[in-house]
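Coordinates in review
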Amino acid sequence: MVLKDRIAIITGGSSGIGRGIALEFAREGARIAIADKQETPLRGKYHETDVTTPTVAEIEKLGARGIFLQTDVADESQVAHTLNRTVEHFGGLDILVNNAGIHIPGGAQALSIADWDKVVGVNLRGVFVATKLAIPHLKRSKFGRMLQIASVHAYGGGAGPAYAPAKAAIVNMVRDTALELGPFGITVNAICPGYIETAIQDYLTPEQIEEALEKTALPRFGLPRDIGRAAVFLASDDAAWITGASLLVDGGFAAGV
Ligand code: NDP
């Protein structure tokens, strides 16, 4: 168990990729706080159609400890409360996974300014807020780790004028934060997933999904578990000397761009 007794917070951990990361962390012995707006997992129209049990129930089935803390990452007072509750409940914080994210479809003409603010508010500002507020706690850990879930869309256009630029900013932010936190022994890295089978894909048409599969080198889409295993590696001692990096976990999608 490479994360035995490590204490982690995973934002957006009720569903999709965050849930996948939580379950892999649980298999590796971590104690996990799920920080999400709601405990009930999202069910998608294409993927995750039959998910019903809360993530904490699944964590407990794996013999690990979990707690759900209702949190909207767009609200800094809620994020601060979640950090404090996690530290009180488990006795510290070793790993922060900033995974919560939203996508609202539409190009520069269709997307409203309010929706642009909403996407950037969760996907970029929300990551900064949790990052900033977690630093004092992570500095007290001997194994401080920060993982930001960006996207393959950080590297190209096509996912709208809010989502993709926010993800590109995360790739830059991990470099900046890695420089600042290196002297404290805290590593800061991003994972850039390709198409992962979660409810976030509900806005796509079946034709767009087919096209995404054709652009993925490996002959299947990714699963939340695929990101979970990469997250376990980056959170573990095996990745102790990796910081400021952004790891593509995309089945080869970006290889063809
Ligand atoms: P899902 O929509 O399946 O899950 C996202 C989770 O985040 C949901 O539980 C959602 O809660 C929660 N969430 C949304 N907004 C907030 C908020 N303000 N505060 C707290 N929690 C929130 O998405 P994925 O699992 O697919 O995405 C996870 C991350 O991975 C995102 O950052 C996404 O951009 C990124 N990503 C996903 C890819 C994919 O193909 N799936 C590809 C590349 C990146 P609620 O149910 O309340 O909405």
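Things to note about the layout of surface pockets
Estimates place the volume of the second largest pocket at around 160 Å³. Around the second largest pocket sit 13 residues that line it, and R220, G222, D226, D250 and G251 are the ones nearest its centre. Here the lining of the second largest pocket is composed, by residue class, of 5 nonpolar, 5 polar and 3 charged.

Considering the pairing of strand β6 (residues 187-193)
Summarising burial for β6: 7 of the 7 residues are buried, a large majority. Burial along β6 is two-sided: the residues T187, N189, I191 and P193 and V188, A190 and C192 are all buried. Note: strand β5 (residues 145-149) against β6, 5 bridges, orientation parallel. Along β6, the bridge assignment pairs R145 with T187. Once the chain exits β5 it traverses helix α5 (residues 163-181) before rejoining the sheet at β6, and the crossover so formed is right-handed.

A word on the site of the ligand
Residues in close proximity to the ligand total 29 residues, the closest being I17, D36, Y163, T198 and Q201. In this structure, an oxygen atom belonging to the ligand sits 3.2 Å away from a main-chain N or O atom of G194. Between the ligand and I196 there is a distance of 2.8 Å, counted from an oxygen atom to a backbone nitrogen or oxygen. Bound to the protein, the ligand loses 94% of the 890 Å² it would expose on its own. Contributions of two or more residues to the shell around the ligand are made by α1 (16-27) and α5.

Some thoughts on the sheet that holds strand β1 (residues 7-11)
Taken in spatial order, the 7 strands line up as β3-β2-β1-β4-β5-β6-β7 in an open sheet, and their pairing is parallel. Both outer strands of the open sheet, β3 (65-70) and β7 (246-249), are each paired with one neighbouring strand and no more. Pairwise comparison of adjacent strand axes, ignoring direction, gives a mean angle of 20 degrees for this sheet. By the bridge criterion, 6 bridges tie strand β2 (residues 31-36) to β3 in an arrangement that is parallel. Opposite A35, over in β3, you have L69 as the bridge partner.

Overview of unusual backbone geometry
Excluding glycine, residues mostly have negative phi values, and the peptide bonds linking residues are mostly trans. If you check the backbone angles, D5 has positive phi at about 65 degrees while not being a glycine. Owing to a relative accessible area of 40%, D5 belongs among the partly exposed residues under this scheme. We note that E48 has phi near 50 degrees; this positive angle belongs to a residue other than glycine.

Re empty space enclosed by the protein
In total, this model carries 1 cavity of 30 Å³ or more according to the counting rule given. Roughly 60 Å³ of volume is contained in the largest cavity. Lining of the largest cavity is provided by I9, T11, A35, T71, V73, V79, T82, L83, L96 and A130. If you list the elements that add at least two residues to the lining of the largest cavity, you get β1 and α3 (76-90). It is α3 that contributes the most residues to the lining of the largest cavity, 3 residues altogether. A breakdown of the residues in the lining of the largest cavity according to their chemical character gives 7 nonpolar, 3 polar and no charged.

Some words on the pattern of salt bridges
The full count for this structure, using the stated rule, is 11 salt bridges. Residue E24 is joined to R225 by a salt bridge in which the shortest nitrogen-to-oxygen separation is 3.7 Å. On the criterion of sequence distance, the pair formed by E24 in helix α1 and R225 in helix α7 (residues 224-235) is long-range, its members being 201 residues apart. Here E24 falls in the buried class, since its relative accessible area comes to 2%. In this structure, R220 engages D226 in a salt bridge whose closest nitrogen and oxygen atoms are separated by 2.9 Å.

Definitions and limits used
Residues numbered from 1 in each chain as written. Predicted model: local features only at pLDDT ≥ 70, side-chain atom pairs only at ≥ 80, totals over all residues. Heavy atoms only, no water. 1 Å grid on protein atoms, 1.4 Å probe; cavity = no way out; pocket = protein on both sides within 12 Å on 5 of 7 lines; lining within 4 Å. Points joined across faces, edges and corners; volume = space filled by probe spheres on them. Nonpolar A, V, L, I, M, F, W, Y, C, P; charged D, E, K, R; others polar. Buried < 20%, exposed > 50% of the residue type's maximum accessible area, 1.4 Å probe, protein only. Helix = DSSP H or I, 4+ residues; strand = E, 2+ residues; numbered from the N terminus. Pairing = 2+ DSSP bridges. Right-handed = clockwise from strand over helix to strand, strands pointing away. Near = heavy atom within 4 Å. Polar contact = N/O pair within 3.5 Å; in protein donor to acceptor, adjacent residues only side chain to side chain. Areas by Shrake-Rupley, 256 points an atom, 1.4 Å probe, with all protein chains shown as cover. Axes fitted to C-alpha atoms, helices over the stretch in contact; angles between N-to-C directions. Salt bridge = Lys/Arg side-chain N within 4 Å of Asp/Glu carboxyl O.

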